[in-house]
Amino acid sequence: MAKQSPRVEAFGTVDEANAAIGLARLHTEGEADAMLARIQNELFDLGADLCTPEEGRRAPRDQKLGALRIVAAQVLRLEREIDRMNATLRPLDSFILPGGTPAAAHLHLARTVTRRAERLVCVLAAEERVTPRRSNI
């Protein structure tokens, strides 16, 4: 697989997002840190999922598929966590400048890298299937 392929760009940027979250975690604790740790673990799963093209996921009928995959339950849990956090916030009426605390600054960086990863996965998905057919995602 070429280093400049959309697949490599996508999983490389997911890895970069994971590293940015790791920097933020140097400044978090408690529930926020635990949630970020879960997200980091799932980003590793996502990277593994993305680096294995669908045709590489097939295994003989008597064997389990070995590649890690993101499953619908992971996506739903993350969406519920986002909804729970957003429920405590006032509606935004202006843009927020990145910064504030060290944790906030690093999380803003992680957000932008994650958004780039999302765009790259969409580019990849426009060219080829990125999740197995049996997935509900």
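Above: the structure in question.
Values in this document were obtained by computation on a predicted structure and should not be read as measured data.

Thoughts on the packing of helix H1 (residues 6-25) against helix H4 (residues 102-127)
Turning to step 1, where the next piece is worked out: Relative to each other, H1 and H4 sit at 165°, their axes nearing to 8 Å. One finds that H1 runs roughly antiparallel with respect to H4. Considering only the axes of H1 and H4, their crossing is left-handed.
Turning to step 2, where the next piece is worked out: Counted by class, the contact of H1 with H4 contains 17 nonpolar, three polar and five charged residues.

Regarding helix H2 (residues 30-51)
Turning to step 1, where the next piece is worked out: Under the 1.5 Å per step criterion, the end-to-end length of H2 is 32 Å for 22 residues, consistent within 8% with the ideal 32 Å.
Turning to step 2, where the next piece is worked out: Taken together, the buried positions of H2 are Asp-33, Met-35, Leu-36, Ala-37, Ile-39, Gln-40, Glu-42, Leu-43, Asp-45, Gly-47, Asp-49 and Leu-50.
Turning to step 3, where the next piece is worked out: Buried residues in H2 make contact with H1, helix H3 (72-86) and H4.

About the cut-offs
Residues numbered from 1 in each chain as written. Predicted model: local features only at pLDDT ≥ 70, side-chain atom pairs only at ≥ 80, totals over all residues. Heavy atoms only, no water. Axes fitted to C-alpha atoms, helices over the stretch in contact; angles between N-to-C directions. Helix = DSSP H or I, 4+ residues; strand = E, 2+ residues; numbered from the N terminus. Parallel < 35°, antiparallel > 145°, perpendicular 65-115°, else oblique. Left-handed = near helix turned anticlockwise from the far one by under 90°. Nonpolar A, V, L, I, M, F, W, Y, C, P; charged D, E, K, R; others polar. Expected span 1.5 Å × (residues − 1). Buried < 20%, exposed > 50% of the residue type's maximum accessible area, 1.4 Å probe, protein only. Contact = heavy atoms within 4.5 Å.

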